[in-house]
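Remarks on the overall topology
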Protein chains: 2
Amino acid sequence: MDLKDYLHNRSALVDQALDRWLPGKSVLPFSLHQSMRYSVFAGGKRLRPILMIAASEAVGGTAQQVMHAACAVEMIHTYSLVHDDLPAMDDDDFRRGRPTNHKAFGEATAILAGDALLTEAFRLLADADANLLISPATALRVIELVARYSGSQGMVGGQIVDMESEGKEIDFPTLEYIHTHKTGGLILASVQVGALLGGGDEEQFAALSRFAGAAGLAFQIADDILDVVGDQSELGKDVGSDQARGKATYPALLGLTEARQRADELCNIAVEALKPLGAAAEPLQVLARYIIDRNH
Amino acid sequence: MDLKDYLHNRSALVDQALDRWLPGKSVLPFSLHQSMRYSVFAGGKRLRPILMIAASEAVGGTAQQVMHAACAVEMIHTYSLVHDDLPAMDDDDFRRGRPTNHKAFGEATAILAGDALLTEAFRLLADADANLLISPATALRVIELVARYSGSQGMVGGQIVDMESEGKEIDFPTLEYIHTHKTGGLILASVQVGALLGGGDEEQFAALSRFAGAAGLAFQIADDILDVVGDQSELGKDVGSDQARGKATYPALLGLTEARQRADELCNIAVEALKPLGAAAEPLQVLARYIIDRNH
């Protein structure tokens, strides 16, 4: 398979669906919907939606079957970035080369745009038209799963521990807590939802969960490494910004060589977990390799 | 019926359920769960949960049938207060006589506690154990309804228009937009969810929707009036704070006398709407009168 084509095609589908589901700029209140769309259409790679689509395909499902949930997860990811960038949090002025939401729209609008993106994500997950092809029981399970991995013991939990750890010496368990919760949880949720909505059985669900647990952590380690050795254009933020901020990272705790080894190990575990799924899981496998190899 | 007993009994049930559903202070991350609980257990009157319970009872249902949804709606209401109080928004230091969340826990934690309360509300609405007694299709409809009235074209929409209107001359339609969206929507949603989960038919749902539309707006007018004439202990915030902030209010736009008349009219419409429900709707009727009469 051609990864570039695959990514291009699937992210275009996600963009079209997001454009269809998000209220337009001419829907009241204008400023709120403009602000929401500004951050949703800011050049994100749609990693989580594409993982969800690939997981659905890996169990014999389609992109269409997961599209509303893929958009919902991207909206949740986007809200978390908008709030993380706020002055009271990471205080970032730029993201992916553009002013952050609060720099473009003001702090109050950025807070509310994040709140609205989170709420609209759940509205979409519960939308009757979007759920026509699945049982209400499955739709409910998807909502519970997404909420659990996004909430106080998921993504938000990881974010607060990350924030409270800044400038402090932290141990390895704390670093892993941050990463498995702040980014790993929503990646795991995306793959699990793909398995559920794609019609996978419990065995496939378990295999894909093992895959996503390992790949999600590998992705975060790769991101940490990129912050040390990457170039700014690829990263979309200042190189060395984690270090400057006193953020704990894998290279800082393990050293660069061992961090790379750990990412490779996790990548192998992820690929191994896909074996029972056969050829249908090829996109997921290629995606995992691609994510880790960014830093080599 | 004895209103005081009714309010006391129902709000105690809601408090117990909230305590059961919210992660404890000793669940990681501690600071996040402490912050969430600080604002949830801050002496709120549980108006929305009690309206939901009373609506369920009005169609022959029970408090227990709506309890998880009642807690979810209270968590959404609480998150909106925590975010509204932030320095970038209303910049309030006190609420109900206690320091606001960001004053007690810092701004970053307050933002995240709000995010987590909103997310946990949807987790609870989708929780399998909480939904054992209803069909998954009904649970989904409840989630869609709550999300719609809380999102960008609901509560968050009302909040941004309110904020953008501060210090400006606004017209009557804008004032009604703010009130029907910022506070009216979640009140309407609470009553509608009560009707659904209590087992009401479409006719009862429609009657209760008419009731809630009128009562919600009357409640907001009463609140505006209280800001002008009330005493601080009852209001829990500074008297005249809306005026000082340049907020548009009903008394400012209509004058005090006409604002009172409008509240009375709406209260009569609300009570009239309950007629088809008979004696079972008595608590709702008494509640509506109580809400409006605070300012007489």
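Let me sum up the structure you'll find in this document. (Residues numbered from 1 in each chain as written. Chains lettered and ligands numbered in written order. Predicted model: local features only at pLDDT ≥ 70, side-chain atom pairs only at ≥ 80, totals over all residues.)

Residue and element names in this part refer to chain A. When the terminal C-alpha atoms of helix 9 (residues 172-197) are compared, their 35 Å separation across 26 residues agrees well with the 38 Å that a helix rising 1.5 Å per residue should span. Residue G184 marks the point of greatest curvature in helix 9, where the axis turns by about 55 degrees. Along helix 9, 21 of the 26 residues are buried, which leaves the element largely enclosed by surrounding structure. Count one or two residues on from helix 9 and you reach G199, which has phi positive near 90 degrees. (Helix = DSSP H or I, 4+ residues; strand = E, 2+ residues; numbered from the N terminus. Expected span 1.5 Å × (residues − 1). Bend = angle between axes of the 7 residues up to and from the residue. Buried ≥ 20, exposed ≤ 12 C-beta atoms within 10 Å, placed from the backbone.)

To continue, consider the relation of the copies chain A and chain B. With an RMSD of 0.0 Å, chain A superimposes on chain B once it is rotated by 180 degrees and translated 0.0 Å along the axis. Those values place the two copies in the arrangement expected of a two-fold rotation axis. Residue P136 of chain A of chain A places its C-alpha closer to the rotation axis than any other residue of that unit, at 2.7 Å. (Least-squares fit on C-alpha atoms with pLDDT ≥ 70 in both.)

Attention shifts here to the interface of chain A and chain B. The partner chain B presents 46 residues to the 46 residues of chain A that form the contact. Those elements that place two or more of their residues in the side of chain A that touches chain B are helix 2 (30-40), helix 6 (107-125), helix 7 (136-150) and helix 8 (155-165) of chain A. The element that contributes the greatest number of residues to the side of chain A that touches chain B is helix 6 of chain A, accounting for 12 residues. Taken together, the residues that form the side of chain A that touches chain B break down as 26 nonpolar, 12 polar and eight charged. (Contact = placed C-beta atoms within 7 Å. Nonpolar A, V, L, I, M, F, W, Y, C, P; charged D, E, K, R; others polar.)

Time to look at the nonpolar core. Formed by 196 residues in total, the largest nonpolar core has its most connected members in I143 and A218 of chain A together with I143 and A218 of chain B. In terms of residue count, helix 6 (residues 107-126) of chain B provides more of this core than any other element does, 13 residues in total. If near-sequence neighbours (up to four positions away) are discounted, A218 of chain B is found in contact with A263, L266, C267, A270, I291 and I292 of chain B. (Core = buried A, V, L, I, M, F, W, Y, C linked by C-beta atoms within 7 Å.)

Before going further, it helps to examine helix 6 of chain A. In this model, helix 6 of chain A (19 residues) spans 27 Å end to end at C-alpha, consistent with the 27 Å of a helix rising 1.5 Å per residue. A large share of helix 6 of chain A lies buried, amounting to 18 of its 19 residues.

All right, on to the packing of helix 7 of chain A against helix 6 of chain B then. Where helix 7 of chain A contacts helix 6 of chain B, the two axes come as close as 8 Å, and the packing angle between them is 150 degrees. Comparing the axis directions of helix 7 of chain A and helix 6 of chain B gives the class roughly antiparallel. Along this stretch, helix 7 of chain A crosses helix 6 of chain B, giving a crossing that reads as left-handed. Taken together, the residues of helix 6 of chain B that come into contact with helix 7 of chain A (itself represented by L140, I143, E144, A147, R148 and S150 of chain A) are T119, F122, R123 and A126 of chain B. Along the lines of polarity and charge, the residues of the contact of helix 7 of chain A with helix 6 of chain B split into five nonpolar, two polar and three charged. (Axes fitted to C-alpha atoms, helices over the stretch in contact; angles between N-to-C directions. Parallel < 35°, antiparallel > 145°, perpendicular 65-115°, else oblique. Left-handed = near helix turned anticlockwise from the far one by under 90°.)

For A108 of chain B, the location among the structural elements is in helix 6. Judged by the 21 C-beta atoms lying within 10 Å of it, A108 of chain B is buried. For the pair A108 of chain B and P29 of chain B, spaced 79 residues apart in sequence, the C-alpha to C-alpha distance is 14 Å. Residues within four places of A108 of chain B in sequence aside, it is in contact with A88, M89 and M163 of chain A.

So, on to the environment of S135 of chain B. With respect to the helices and strands, the residue S135 of chain B is situated in the loop between helix 6 and helix 7 (136-150). Between the C-alpha atom of S135 of chain B and that of L197 of chain B, which follows or precedes it by 62 residues, the distance is 9.7 Å.

This part takes up the packing of helix 8 (residues 155-165) of chain B against helix 9 (residues 172-197) of chain B. All names here are of chain B. Two elements in contact, helix 8 and helix 9, have axes whose closest approach is 7 Å; the angle formed by their N-to-C orientations is 140 degrees. The pairing of helix 8 with helix 9 is recorded here as oblique in orientation. With respect to the hand of their crossing, helix 8 and helix 9 are arranged in left-handed fashion. Note on element contacts: helix 9 touches helix 8 through T174, Y177, I178, H181, K182, G185 and L186, opposite M155, G157, G158, Q159, V161, D162 and S165. Of the residues in the contact of helix 8 with helix 9, the class split is five nonpolar, seven polar and two charged.

Here the focus is the environment of G200 of chain A. Residues and elements named next belong to chain A. For G200, the location among the structural elements is in the loop between helix 9 and helix 10 (202-229). Classification of G200 as buried rests on a count of 22 C-beta atoms within 10 Å. With 54 residues separating them along the chain, G200 and V146 place their C-alpha atoms 17 Å apart. Contacts of G200, omitting those with residues within four sequence positions, involve V59, A195, F205 and L208.

By themselves, these observations are geometric and do not establish any function.
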